[in-house]
Amino acid sequence: MDIVGLYNYWIVIFLMMAGFYVVIARGNLIKKLVGLNVFQASVFVLYISMGKVTGGTAPIIAEGITNYSNPLPHVLILTAIVVGVATTALGLALVVRIRQAYGTIEEDEIHKLDDDS
Amino acid sequence: MAVTVVAIVRVRNLFAVAMLGGIYSLLAASMFVALDAVDVAFTEAAVGAGISTVLFLGTLAVTSQQEKLPAHSQIIPLFVCAVTGAALIYGSLDMARFGDPKAPIHHHVAPLYLEESQGATSVPNVVTSVLASYRGYDTLGEVTVIFTAGIGVILLLGSWRRGRRKKEDEEA
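All values derive from a computational prediction rather than experimental measurement.

Each value, and the rule that gives it
Residues numbered from 1 in each chain as written. Chains lettered and ligands numbered in written order. Predicted model: local features only at pLDDT ≥ 70, side-chain atom pairs only at ≥ 80, totals over all residues. Heavy atoms only, no water. Helix = DSSP H or I, 4+ residues; strand = E, 2+ residues; numbered from the N terminus. Rg over C-alpha atoms; globule rule 2.2 N^0.38 Å. Contact = heavy atoms within 4.5 Å. Areas by Shrake-Rupley, 256 points an atom, 1.4 Å probe, with all protein chains shown as cover. Lys, Arg positive; Asp, Glu negative; His and termini not counted. Charge placed at Lys NZ, Arg CZ, Asp CG, Glu CD. Axes fitted to C-alpha atoms, helices over the stretch in contact; angles between N-to-C directions. Parallel < 35°, antiparallel > 145°, perpendicular 65-115°, else oblique. Left-handed = near helix turned anticlockwise from the far one by under 90°. Nonpolar A, V, L, I, M, F, W, Y, C, P; charged D, E, K, R; others polar. Buried < 20%, exposed > 50% of the residue type's maximum accessible area, 1.4 Å probe, protein only. Arc of directions from axis to C-beta. Buried area = accessible area lost by both parts, 1.4 Å probe. Salt bridge = Lys/Arg side-chain N within 4 Å of Asp/Glu carboxyl O. Polar contact = N/O pair within 3.5 Å; in protein donor to acceptor, adjacent residues only side chain to side chain.

Topic: the overall build of chain B
The secondary structure content of chain B amounts to seven helices and zero strands. Counting from the amino terminus, helix and strand elements in chain B follow one another as α-α-α-α-α-α-α. Over its C-alpha trace chain B gives a radius of gyration of 22 Å, far above what one expects of a compact globule, namely 16 Å for 172 residues. Overall, chain B is about 70 × 45 × 25 Å in size when its C-alpha atoms are taken along their principal axes. Long-range contacts, defined here as pairs at least 24 residues apart, represent 42% of the contacts in chain B between residues at least 6 apart. Looking at chain B as shown, the accessible area adds up to about 10,200 Å², and 69% of this sits on carbon and sulfur atoms. Computed over 12 positive and 14 negative side-chain charges, the inter-centroid distance for chain B is 13 Å.

Shown next as structure tokens:
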């Protein structure tokens, strides 16, 4: 069985798990959001790499070219990138607000403040 | 990209982390060019590497720069990640091979778009014609999402400013 052709998925899985680890293991809220962005970008790479055709070219119709990569993943990911930035902005606004209310952006300290009060 | 990600995990200075996040996005964008997705690469470079980094830096300006060590153990998250990664690699064994033109993803509606979008919308870029014409409602929904997020940001940050102003008025 030819498993060398699966390397693109393995790169994506490594990036994805690194982002996932940052999200669940680190207590700093900004670092968590960076981890979420890493995770998100790895999913983008997954979709785009699935749309690639060997020997294909960018899906812009031109004379003399018959082999194009799949345009549909590109469309989906364009939408996803923009939505991703919108959610990042909202998350960062929440972080700023949490900082105003608690004076810290470390998850442990926030839990401690909640327990004390 | 893998090196950048490992650095993001290790580095504790949040300014450096935000910059590494920008580098990561830029590397992803260049990778998209190599994978024939030029439109996506544009968007990722402008929005992912540009606007996201600016947003992170803006947040860092009003919060702290240094990350503290988490108090709880790191072994459980590492274990969870290893198990999830192993499950995903097991799942990837059944996926189509990279660049295989016979993969099912290339044989459903994609050839139809490639053949007909030129005649139907007279836009040579298939990605543009699908995004703006065939899936126009989807793009409208995306605009709604951005609008909602914008309202959320304004509500979150605006109420804080108003509260602070009220407090200053009371003190004065």
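Back to the text.
Things to note about the packing of helix H1 (residues 2-10) of chain B against helix H2 (residues 14-34) of chain B
Residues and elements named next belong to chain B. One can describe the packing of H1 onto H2 by two numbers: an axis separation of 9 Å at closest approach and a directional angle of 160 degrees. Considering their axes alone, H1 and H2 lie roughly antiparallel with respect to each other. Between H1 and H2 lies a crossing whose hand is left-handed. Touching Thr-4, Val-5, Ala-7 and Ile-8 of H1 are Val-17, Leu-20, Gly-21, Ile-23, Tyr-24 and Leu-27, all from H2. Looking at side-chain class alone, the contact of H1 with H2 contains eight nonpolar, two polar and no charged residues.

Quick look at H1(B)
Turning to H1(B), its buried residues are B:Thr4, B:Val5, B:Ile8 and B:Val9. For H1(B), the arc enclosing every buried residue in end-on projection is 140 degrees, short of the 170-degree limit, so these residues lie on one face. In H1(B), the exposed positions that point more than 90 degrees away from the buried face belong to B:Val3 and B:Arg10. In this structure, the buried residues of H1(B) make contact with helix H1 (7-25) and helix H2 (29-51) of chain A together with H2 of chain B.

A few points about the interface of chain B and chain A
Each side of the interface is counted separately: chain B has 82 residues, and chain A has 78 residues. When the two sides are added together, the surface that chain B and chain A hide from each other amounts to roughly 7,500 Å², 75% of it contributed by carbon and sulfur. Area buried by chain B at its contact with chain A is led by B:Asp36, B:Phe56 and B:Phe98, which between them contribute 9% of it. Between A:Lys52 and B:Asp36 there is a salt bridge whose closest N-O contact spans 3.0 Å. At the junction of chain B and chain A, the tally comes to four residue pairs in polar contact (both at pLDDT 80 or more). At the level of elements, H1, H2, helix H3 (38-62), helix H4 (75-92), helix H5 (110-121), helix H6 (126-134) and helix H7 (136-171) of chain B are the ones that each hand at least two residues to the side of chain B that touches chain A. The dominant element in the side of chain B that touches chain A, judged by the number of residues it contributes, is H3(B), at 13 residues. Counted by class, the side of chain B that touches chain A contains 53 nonpolar, 17 polar and 12 charged residues.

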